[in-house]
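These are the residues of each chain, in order.
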2 protein chains.
Amino acid sequence: MKTGDAPDTSLELSGDQLRELVELAMKHIAAHIDSLPDQPAWNSNGCSESAALARSVIEPLPEHGQAAEHIIGNLFQRLIPCSYNTASPGYLAYVPGGGLPVAAVADLIADAVNRYVGVWIAAPALAQIEATVIRWFCDLVGYPSQAGGWLTTGGSLANWSAIVTARRCRLPDDFLSATLYTSDQAHHSVTKAAMLAGFPSENVRKIEVDATFRVRVEWMADQIAADRAAGFTPFAIIGHAGTVHTGAVDDLQALADLAARENLWLHVDAAYGGFFMLTDRGRLAMKGIERADSITLDPHKGLFLPYGTGCLVVRDREHLRRAHTLDADYMPSMQDDPEFVDFCQISPELSRDFRGLRVWLPLKLHGIGPFRRNLDEKLDLARWAVDELRKLNGELNTESGDELEIIGEPQLSIVAFRLRRRGLDEPSLTRLNEELRTRINASRRVFLTPTTLHGRYVIRICVLSFRTHHDRMQECLNEIRRQTKLL
Amino acid sequence: MKTGDAPDTSLELSGDQLRELVELAMKHIAAHIDSLPDQPAWNSNGCSESAALARSVIEPLPEHGQAAEHIIGNLFQRLIPCSYNTASPGYLAYVPGGGLPVAAVADLIADAVNRYVGVWIAAPALAQIEATVIRWFCDLVGYPSQAGGWLTTGGSLANWSAIVTARRCRLPDDFLSATLYTSDQAHHSVTKAAMLAGFPSENVRKIEVDATFRVRVEWMADQIAADRAAGFTPFAIIGHAGTVHTGAVDDLQALADLAARENLWLHVDAAYGGFFMLTDRGRLAMKGIERADSITLDPHKGLFLPYGTGCLVVRDREHLRRAHTLDADYMPSMQDDPEFVDFCQISPELSRDFRGLRVWLPLKLHGIGPFRRNLDEKLDLARWAVDELRKLNGELNTESGDELEIIGEPQLSIVAFRLRRRGLDEPSLTRLNEELRTRINASRRVFLTPTTLHGRYVIRICVLSFRTHHDRMQECLNEIRRQTKLL
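Residues numbered from 1 in each chain as written. Chains lettered and ligands numbered in written order. Predicted model: local features only at pLDDT ≥ 70, side-chain atom pairs only at ≥ 80, totals over all residues. Heavy atoms only, no water.

### Some remarks on the sheet that holds strand β11 (residues 456-462) of chain A
All names here are of chain A. This is how it is decided: Any two strands between which DSSP finds at least two bridges are classified as paired. Labels follow the DSSP assignment, with helices taken as runs of H or I lasting at least four residues and strands as runs of E lasting at least two, numbered in each case from the N terminus. Note on geometry: axes are lines fitted to C-alpha atoms, helical ones only across the stretch in contact, with angles between N-to-C directions running from 0 to 180 degrees. Residue contacts follow a heavy-atom distance rule, with two residues in contact if any of their heavy atoms lie within 4.5 Å.
With antiparallel pairing, four strands are arranged side by side in an open sheet as β8-β9-β11-β10. Lying at the two open borders of the sheet, with one neighbouring strand each, are β8 (403-406) and β10 (449-453). Pairwise comparison of adjacent strand axes, ignoring direction, gives a mean angle of 40 degrees for this sheet. Of the strand pairs in this sheet, β8 and strand β9 (residues 414-420) are connected by four bridges, and their pairing is antiparallel. In the sheet register, leucine 404 faces β9, and the bridge partner there is leucine 419. Each of β8, β9 and β11 is contacted by helix α16 (residues 470-486), which is oriented at about 150 degrees to β11, the strand it contacts most.

### Quick notes on the nonpolar core
Our working rule: Buried residues of nine kinds, namely Ala, Val, Leu, Ile, Met, Phe, Trp, Tyr and Cys, make up a nonpolar core once their side-chain atoms join them within 4.5 Å. For every residue, the accessible area obtained with a 1.4 Å probe (protein chains only) is divided by the maximum for its type, and the residue is called buried under 20%, exposed over 50%, and partly exposed between those limits.
Judged by nonpolar contacts, the single largest core of 236 residues is most densely connected at Phe137 of chain A together with Phe137 of chain B. Other than its neighbours up to four places away in sequence, phenylalanine 137 of chain A contacts Leu151, Phe275, Leu297, Pro299, Leu303, Cys311, Val313 and Val359 of chain A. Counting 64 residues, the second largest nonpolar core, distinct from the first, contains Ala162, Ala197 and Trp265 of chain A together with Trp160 of chain B.

### A word on the interface of chain B and chain A
For the record, the criterion: Joining two parts hides part of their accessible area as seen by a 1.4 Å probe, and the buried area is that hidden amount summed over both. Basic side-chain nitrogens of Lys or Arg form a salt bridge, by our definition, when they fall within 4 Å of a carboxyl oxygen of Asp or Glu. Polar contact is the term for a pair of N or O atoms within 3.5 Å; when the atoms are in protein, one must be able to donate a hydrogen and the other to accept it, and sequence-neighboring residues count only if both atoms are side-chain atoms. Under the grouping applied here, Gly and all other residues not named as nonpolar or charged are polar, the nonpolar ones being Ala, Val, Leu, Ile, Met, Phe, Trp, Tyr, Cys and Pro and the charged ones Asp, Glu, Lys and Arg.
Listed per partner, the contact involves 155 residues of chain B and 155 residues of chain A. Between chain B and chain A, a total of about 13900 Å² is buried, with carbon and sulfur atoms accounting for 65% of that surface. In this assembly, chain B and chain A are joined by eight salt bridges. Measuring nitrogen to oxygen at the nearest pair gives 2.6 Å for the salt bridge that ties glutamate 59 of chain B to lysine 364 of chain A. Taken together, chain B and chain A are joined by 50 residue pairs in polar contact (both at pLDDT 80 or more). When grouped by side-chain class, the residues that make up the side of chain B that touches chain A number 85 nonpolar, 39 polar and 31 charged.

### Thoughts on the packing of helix α1 (residues 15-34) of chain A against helix α4 (residues 101-113) of chain B
For the record, the criterion: Our angle categories are set so that under 35 degrees counts as roughly parallel, over 145 as roughly antiparallel, 65 to 115 as roughly perpendicular, and the remainder as oblique.
For the pair α1 of chain A and α4 of chain B, interaxial distance at closest approach is 10 Å and the crossing angle is 10 degrees. It follows from the interaxial angle that α1 of chain A and α4 of chain B lie roughly parallel. Counting all contacts with α1 of chain A, which are made through Leu18, Leu21, Val22, Ala25, Met26, Ile29 and His32 of chain A, the residues of α4 of chain B involved are Pro101, Val102, Val105, Leu108, Ile109, Ala112 and Val113 of chain B. Looking at the contact of α1 of chain A with α4 of chain B residue by residue, the classes come out as 13 nonpolar, one polar and no charged.

### A word on helix α12 (residues 317-324) of chain A
To be explicit about the condition: What the arc measures is the spread of directions leading from the helix axis to the C-beta atoms.
When we look at burial in α12 of chain A, the residues that qualify are Arg317, His319, Leu320, Ala323 and His324 of chain A. Looking straight down α12 of chain A, one finds that the buried residues subtend no more than 155 degrees of arc, so they occupy a single side. Of the surrounding elements, those touching the buried residues of α12 of chain A are β1 (148-152), α6 (155-170), β5 (265-270) and β7 (310-314) of chain A together with α7 (188-196) of chain B. Its side-chain oxygen 2.9 Å from the backbone nitrogen of glutamate 318 of chain A, aspartate 316 of chain A forms the N-cap of α12 of chain A.

### Description of the environment of arginine 422 of chain B
All names here are of chain B. Positionally, arginine 422 belongs in the loop between β9 (414-420) and α15 (426-442). Judged by relative accessible area, which is 57%, arginine 422 ranks as exposed. Distance from arginine 422 to threonine 398, taken between C-alpha atoms, is 9.7 Å for residues 24 residues apart in sequence. Those residues in contact with arginine 422 that lie beyond four places of it in its chain are Thr398, Glu399, Ser400 and Gly401.

### Describing the state of the cysteines
Residue and element names in this part refer to chain B. We count it as follows: Only a pair of cysteine sulfur atoms within 2.5 Å qualifies as a disulfide here.
If you walk through the whole model with that rule in mind, you get zero disulfides over all chains. Sulfur of cysteine 462: no disulfide; nearest cysteine sulfur belongs to cysteine 476 and is 12 Å away. Take cysteine 462: its relative accessible area is 0%, and that puts it in the buried class.

The structure is reproduced here in C-alpha cells:
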C-alpha cells in the first residue's frame, strides 16, 4: 500500500495510517449520505454502459498495491453510482431497508478488533452481545426464556436453517417422504431451502391463498390429510408474516392450531414483516407468531440495517443444539452454564465474525423508540398511499374506463396496484402497467418494482427505508397521478 | 442517539455526525492496533470475571439511546480485552489470521452505501468486484475459465455448499444410500456439512491416515469397493489441503485419480492451506488441487482477513447454477450474458451484502506481493521452530529421558509437538503436556492450543497471522525452552 513509508512486505497499518485511510473513505461516505435525497433512486439499466463499467473491474490479480485515493475515488465516482440506489429515500422496490450508518461503524470496529465469537470462552462479553440481540428478538416475538437463535446473512439461510433444524429434530434419517406446506405466495427461498435441505422440490406443497393473499388453512388441512392417506409424512408448515408480494400475513393462530393438531413444525417467515411486532398494528396482525417453533427475521429489512443481517429464532434452543452439536478434538471447551451459549453448537458455522455488534450498536445508540416510530410511520404511509390512489380514481378518464385497482388492502407497508382499462385483456393490461411503471420510474425520484399475482402484472410500493418519509411518498403519488393521466 | 440536535425520531446521521462517530471509534481502534504487540495474547479463562462481564451486557432492549462515548469506550476498555486476542502477533492458536485493517475500511464503505449485489443488474460493477475476486481465487488454484464460486461466511458453509452442490448435481432425489469419503483428520465441519445436507452421519467414512497424517488413498479405495458391494452409492471424496490438526496435505493427485476412476465428486477443504498456493512450496504440496470439482478457501485465514469471509470455488460454474437456480415472480431479470453472473442463481442467498469489497480492497491497495511474502515467511517460521525444538532436545534432562517429539514434519505452517518422558503412560503424558502448555501460555506473550492425534495429546503452534514475525516466534521458542526445562 502506497501510504507513507510502509514497506511493501508489511500488511500492517499503524493507527495513524488506518486513520488516514478511514478519513479518505469518510470524505466520500459523508458526501454520499448527505446527497442521498438528491441522488437518483436507480441508475442501472443493463445498458452497454453497465457492462463496460463491470468489465472495467475485470483484471488479473495485481502484484503491486495502488494508491487508495484512486481506488476509493473511482469506487464512489463511477462504480457505486451505477446501481439500484438501495440507500435512497426513493427506493420503494423489492424490500428496502436503507442501511443505518451506525451499523457501518459497528463493522469497522468488529473487523478491526477481529475477535472470535463462535465459542463463548473466546470472547465472553462479545458472544453475549450477539446472545443479547437474539434475546431481544425472542422477547419481541413473545418467545419464552429457553428460546434461542443465531444471526444469519439473511432470510434465505434463516429459512434453510429452520427447515434443517426441524428435519433433524422431527424426522428419521430417511426423511424423503416428508412433506412441507406453505402458500402459493411463499418467498422463493422457502422452496430453495427445502431443496438445499434435501427434500424433493415436489414435497413442498403450495396451498392457494384467499382474496387477501393469506393461505387457505382449511385447504392446507385437506392437503395434509390427503398426503397422509397417500403415504407421505406431513412434517412442517411454513407461514408468512408479510409476503414479499403484498405484505400479506397468514392467519398465524389458525396455522398454529393446525400444526398442533397435526403435530407439525411451524416455521414463520417473518423476514419482511417481523419487526412490525414493535408496533401495535403489527402485533395485532401477527397474533399467534409466538406459537411458531421457529421464525425468520431480517434486521436488514425492518431494522433498517445494511444487507447481510438475517436471523433465525427458535422457541426451544435445545432444538438448535440437537441439530448442530458435534465435537472435535481441536476445539476449546464449551459452556456448560446454561446461562451462556456457544454459537458453534447451535448453528452451522464454526468461524464467526463478531456480527452481533452490527445490530447491538444501532439499538444501543438510538434506542428502540425511533425504530418503532419509523415502522409506525411506514404503516401510515402505505395506508395514506392507498387512500390517495383511490382519490385519484375520481380524476381519471371515465370514457376509457380507467381505474386504479388496489390489489388487497395493505396489511403492512406494501401497496400493490394496477391500472385497469375497459376492454383490455391480461397481456394488454400487463403491457399497459409495465409502461406505467417505466414512466413512473423514469423520474428516478422513486423506484417501483412489479410482481405477478395469479397471472396479473402488479406494481408494488414497498415503503420500509428509514429514509422514506411523507415528502418522498408525496412525490411518488404525484408521479403516479401524472403518468396515469398521461397514459 | 444523543448527538447534537438530532431528533429522537430520526435514525439518519448527517455526514458530519457519522464522521464524528467514526472519529470516536477510530480513537479507540488506532490505540488498539498500535498497542497490539504489547497486549496479552489471551485474556479469558472462564473465571467468574468473564461471566460477570458477559452478564453486564444482559439487559432488556433499551427504549432510549445512550451516549456513544460511553458505549464505545466500555466496549474497548472492558468488553473486548477479555478474550482470546485473535488479532495479536502472539496468537498461534487454532488457525489465526489477524484481521487486516484495510478490510475494516472496506466494510465501513460497503455498509454505508448498502448496495445490493445478489443480482448483477442491481449493481453491475459491484457484483463484478465479487466476481473478480472469485476469478482471482480460481486462477490461484488453477481452475479453467468456466469455474465460479461465491463468498461464504467461512469454511463451514463453504464445505456445506460444496456437498449440497455435489448432491444436487450427482445424485437422484433419493440419495440416502450415498456415501462420502474423507480422512480421520477431517475438519468437523465436513461431517456437520454432510449431516446438514441430509446424509446420515454414518455415511461419512473416515479413512485412516498414514504417519504423515495424509489419508491412505488405497484404504479409501478398498472402502469404496466394499461399500459398492454392500449396496451403497459412493459419491464424493473430501480431501484436505492442510488439516487443522497438523497442516497435513492429502495426496491430491492420488485422490483425483481415485475420484476419476470411481466417478466421484472430489471436494478439497483448503480452508487453512489454500492460499499457500501463492508460494512455490504451497503449489508443490497441493499439486493436483486443480483437478478437484470444488475447493473451500478461507480468506479469513490465509489472506489474513477478519473472520466472516470464506469461499467456495467450483470447477464448473454450471454445477452451482444447477444446484441453486429457482425463479420467482418478483425478482428482477437475470443476466443472460455468460460473461456476468447473478450470485443469487449460483448460491443459496438472495439478499447479499457487498462482501466482495472486503477481499478486493486489501488486494488492490496492498497488491498480492506482500501476501505471498508473508505466507513464505510463515512457512519459514514453522520450519525454523521445528529446528529449534530439535536443538532443544540436546539441552534436556537425559536422566529423566525427556524428549520433544515432533509429530510429523510441518507440511505448511503448523508445528505439532509434545514432551515425552521415560516411563510415563498416555494419561500421564497428557497431564504433563497440558501442564507444559499452561505454563507456556501463562506468559500471555503467546497462545498455543492443543489437539488430540490418535489418542495423543499434542501442542500446536499455528503461525498464520500477518502480524507474527520472527521476533514473536523467538519469544515462543524461548518460553517453550524455559518451561520444558523447568517441568
